[in-house]
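The residues making up each chain are set out below.
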Amino acid sequence: MLRPSPAPAPALRSVLAALGSPTAVREPRTPALRAAQGPLSPELPLPVHLLGMPGATGAAGATGPQPPRTLLAGWRFLIRNGDRAIAAADTMLTPDGWSFSHFFEGPYVTATERALIQAEALVTPYQPRLLSVPQLYMLTLWLHADTEADGASTEPGPDDLLVPLAPAPPGIAANRPYRVADLLPVIGMRLAPPPLLGSAAPA
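Residues numbered from 1 in each chain as written. Predicted model: local features only at pLDDT ≥ 70, side-chain atom pairs only at ≥ 80, totals over all residues. Heavy atoms only, no water.

A. Focus on the overall build of the chain. Looking only at helices and strands, the chain has five helices and eight strands in total. Reading the chain from its N end, one meets helices and strands in the order α-α-α-β-β-β-β-α-β-β-β-β-α. Residues counted as buried form 39% of the 203 residues belonging to the chain. (Helix = DSSP H or I, 4+ residues; strand = E, 2+ residues; numbered from the N terminus. Buried < 20%, exposed > 50% of the residue type's maximum accessible area, 1.4 Å probe, protein only.)

B. Expanded view of the pattern of salt bridges. For the structure shown, the criterion picks out four salt bridges. With a shortest N-O distance of 3.0 Å, Arg80 and Glu113 are connected by a salt bridge. Here Arg80 is found in strand S2 (residues 69-81), whereas its partner Glu113 is found in helix H4 (residues 107-120), with 33 residues between them in sequence. Taken together, the shared-partner salt bridges in this structure form one network comprising Glu43, Arg80 and Glu113. (Salt bridge = Lys/Arg side-chain N within 4 Å of Asp/Glu carboxyl O.)

C. Broad picture of the pairing of S2. Inspection of the sheet shows strand S1 (residues 41-52) paired to S2 by ten bridges, in the antiparallel sense. Opposite Leu46, over in S2, you have Arg76 as the bridge partner. Of the pairings in the sheet, the one linking S2 to strand S3 (residues 84-94) comprises seven bridges and is antiparallel in character. In the strand pairing of S3, Trp75 is matched with Thr91. Connecting S2 to the next strand, S3, in antiparallel fashion are two residues, including Gly82 with a positive phi near 70 degrees. (Pairing = 2+ DSSP bridges.)

D. Structural context of helix H5 (residues 180-191). Taking 1.5 Å per residue as the helical rise, H5 with its twelve residues ought to reach 16 Å, and the 16 Å between its terminal C-alpha atoms agrees with that figure. Contacts from the buried residues of H5 go to S1, strand S5 (127-133), strand S6 (138-144), strand S7 (161-164) and strand S8 (178-179). (Expected span 1.5 Å × (residues − 1). Contact = heavy atoms within 4.5 Å.)

E. Unusual backbone geometry, seen in detail. For the bond running from Ala166 to Pro167, omega is 5 degrees, close enough to zero to count as cis. Examined against the element boundaries, Pro167 turns out to sit in the loop between S7 and S8. Positioned with a positive phi, Leu44 is a non-glycine residue whose angle comes to about 50 degrees. Looking at where Leu44 falls in the secondary structure, it is placed in strand S1. Not every positive phi belongs to a glycine, and Asn175 is a case in point at roughly 65 degrees. In this fold, Asn175 is placed in the loop between S7 and S8.

F. Highlighting the sheet that holds S8. Strand order in the open sheet formed by eight strands is S4-S3-S2-S1-S5-S6-S7-S8, and the pairing between neighbours is mixed. At either end of the open sheet lies a strand with only one pairing partner, and these are strand S4 (97-104) and S8. Together, S1, S2, S3 and S4 form the strand contacts of helix H1 (residues 9-19), whose direction differs from that of S4 by roughly 40 degrees. (Axes fitted to C-alpha atoms, helices over the stretch in contact; angles between N-to-C directions.)

G. Representation of the side chain of Arg129. Its location among the elements puts Arg129 in strand S5. Within the local environment of Arg129, its side chain forms a polar contact with the backbone oxygen of Asp150, the two atoms lying 3.0 Å apart. (Polar contact = N/O pair within 3.5 Å; in protein donor to acceptor, adjacent residues only side chain to side chain.)

H. Region of interest: the nonpolar core. With 20 residues, the main nonpolar core has Leu130, Leu141, Leu143 and Leu165 as its most contacted residues. Where this core is concerned, the elements lending two or more residues are S1, S3, H4, S6 and S7. In terms of residues, this core owes the most to one element, H4, which gives five residues. When neighbours within four sequence positions are excluded, Leu130 is seen to be in contact with Leu46, Pro47, Val48, His49, Arg76, Thr112, Leu139, Thr140, Leu141, Trp142 and Leu165. Core analysis: the next-biggest nonpolar cluster, separate from the first, contains 15 residues, Val15, Ala89, Trp98 and Phe103 among them. (Core = buried A, V, L, I, M, F, W, Y, C linked by side-chain atoms within 4.5 Å.)

Here you go:
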């Protein structure tokens, strides 16, 4: 069961304006939009957060695992034509507010729609988001357990789920829900810098 957070009205207006612009719709990277017959509608707005894994060294030299940091980077709308999503539109925050960024197509559009359909069948309600790990070329559907939270809030909760979207990095199963506590350490290990040459291996 999904309970989406409403997107900022200016973000939606900017996407609607772009859909009405022949220049934006006919970009070379969006052949499906150029060939679409019938109306195009932006649906299923999702806040897109970027994941950053802090180092092991905390303030004043303290050591130990630090909580992950996430940053709201934009809102993404799936562009529906008929009964399926054929593209997506990203918006970004500018000094003048939320503005259209670009349209795009590709496997993540289909994977996002598939993951949302699967999540809708869950008994537990979740707030859907996207969590991006640019360094790993990884995108996950972030199912936030606090359905009343603002979509801009950035703290992963212990009851949240992460569903890696296909294509996922090697060794991480796509379309499978992971608990945050199970997947984030795996991501953190992959993002950790390699040990310096000559340094001792960890025990």
